[in-house]
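Next come the chains, spelled out residue by residue.
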Amino acid sequence: MVGIELNMETAIPLGLIINELVTNSLKFAFPENEGSISIELENNNGKFVLSVADDGIGLPPDFDLNKTYSLGLRLVKNLVIQLDGEITLDSSQGAEYKITFHELDYSERL
């Protein structure tokens, strides 16, 4: 396993995204209280790909990530925008969110 280092401008929104997506999986994906969640972060020459997936019951067939009224998923979408990234959802087997982004520039503080 290789470690990935990110600055605070990138790591904090990324941590909030992971927290929200894992919380959603724990709350909704496993009505029988069984299943697994995977979190992967890859660095492809400065382009990062975060994958948060579960093998739960999946999402309704008419679910549209761009038209959700869920406060948590709206937060995730806004944090992805903050990272200047893109998010996709594959709900063919459970739910898998993939977020692609580049590390944000560090802003010097006082």
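Now for a description of the structure that goes with this document. Sequence positions are assigned chain by chain, starting from 1 and proceeding in written order. In keeping with the predicted nature of the model, local features appear solely for residues at pLDDT of at least 70, side-chain atom pairs appear and are counted solely at 80 or more, and the whole-chain, interface and lining totals rest on all residues. Just so you know, side-chain values use all the structure's heavy atoms and leave hydrogens and water out.

Brief notes about the pairing of strand S1 (residues 37–44)
So, step 1. When DSSP locates at least two bridges between a pair of strands, those strands are taken to pair. Secondary structure is summarised from DSSP: a helix means a run of H or I of at least four residues, a strand means a run of E of at least two, and numbering begins at the N terminus for each. Here S1 runs beside strand S2 (residues 47–54); their pairing, made up of eight bridges, is antiparallel. Opposite Leu-41, over in S2, you have Leu-50 as the bridge partner.
So, step 2. The hairpin turn running from S1 into S2, its antiparallel successor, is two residues long, and Asn-45 in that turn takes a positive phi close to 55°.

Thoughts on helix H1 (residues 8–29)
So, step 1. Across its 22 residues, H1 extends 30 Å between first and last C-alpha, which sits within 8% of the 32 Å expected from 1.5 Å per residue.
So, step 2. Listed in full, the buried residues belonging to H1 are Glu-9, Thr-10, Pro-13, Leu-14, Ile-17, Glu-20, Leu-21, Val-22, Asn-24, Ser-25 and Ala-29.
So, step 3. Residues of H1 that are buried in the fold lie against S1, S2, helix H2 (71–82) and strand S4 (95–102). The span one expects for a helix is its residue count, reduced by one, times 1.5 Å. Exposure is judged per residue with a 1.4 Å probe applied to protein chains only, and the accessible area is read against the type maximum: over 50% gives exposed, under 20% gives buried, and values in between give partly exposed. Residue contacts follow a heavy-atom distance rule, with two residues in contact if any of their heavy atoms lie within 4.5 Å.

Re the sheet that holds S2
So, step 1. Across the sheet, four strands lie side by side as S1-S2-S4-S3; this open sheet has antiparallel pairing. Looking along the sheet, the strands with just one partner apiece sit at the ends: S1 and strand S3 (86–90). The sheet shows a mean angle of 15° between the axes of neighbouring strands, direction not considered.
So, step 2. The sheet contact formed by S2 and S4 spans eight bridges and is antiparallel. What sits directly across from Leu-50, in S4, is Ile-99.
So, step 3. Fitted lines through C-alpha atoms serve as axes, helices being fitted only where they are in contact, and the angles separating the N-to-C directions of these axes extend from 0 to 180 degrees. Contacts from H1 reach S1, S2 and S4, with the element oriented near 15° to S2.

What to know about the layout of surface pockets
Space left empty within the atom packing is revealed by a probe, the size of a water molecule, rolled over the atoms.
So, step 1. Site definitions follow a grid-based scheme: protein atoms alone, a 1 Å grid, a 1.4 Å probe that fits but cannot get out for cavities, and for pockets an open set with protein on both sides within 12 Å along at least five of seven lines, plus lining residues having an atom within 4 Å of a point. Grid points are joined across faces, edges and corners, and a volume is the space filled by probe spheres set on the points. In this structure, the largest pocket occupies an estimated 240 Å³ of space.
So, step 2. As for the largest pocket, its lining consists of 14 residues, and the residues nearest its centre are Asn-24, Phe-28, Leu-59, Leu-73 and Tyr-97.
So, step 3. Looking at the lining of the largest pocket, the elements with two or more residues in it are H1 and S4.
So, step 4. Broken down by element, the residue count for the lining of the largest pocket peaks at five residues, all from H1.

A word on unusual backbone geometry
Excluding glycine, a negative phi dihedral is what most residues carry, and trans is how most peptide bonds are arranged.
So, step 1. Phi is positive for Asn-45, which is not a glycine, with a value near 55°.
So, step 2. With respect to the helices and strands, Asn-45 occurs in the loop between S1 and S2.
So, step 3. Positive phi is not limited to glycine here, since Asp-84 has a value of about 55°.
So, step 4. Locating Asp-84 in the fold gives a position in the loop between H2 and S3.

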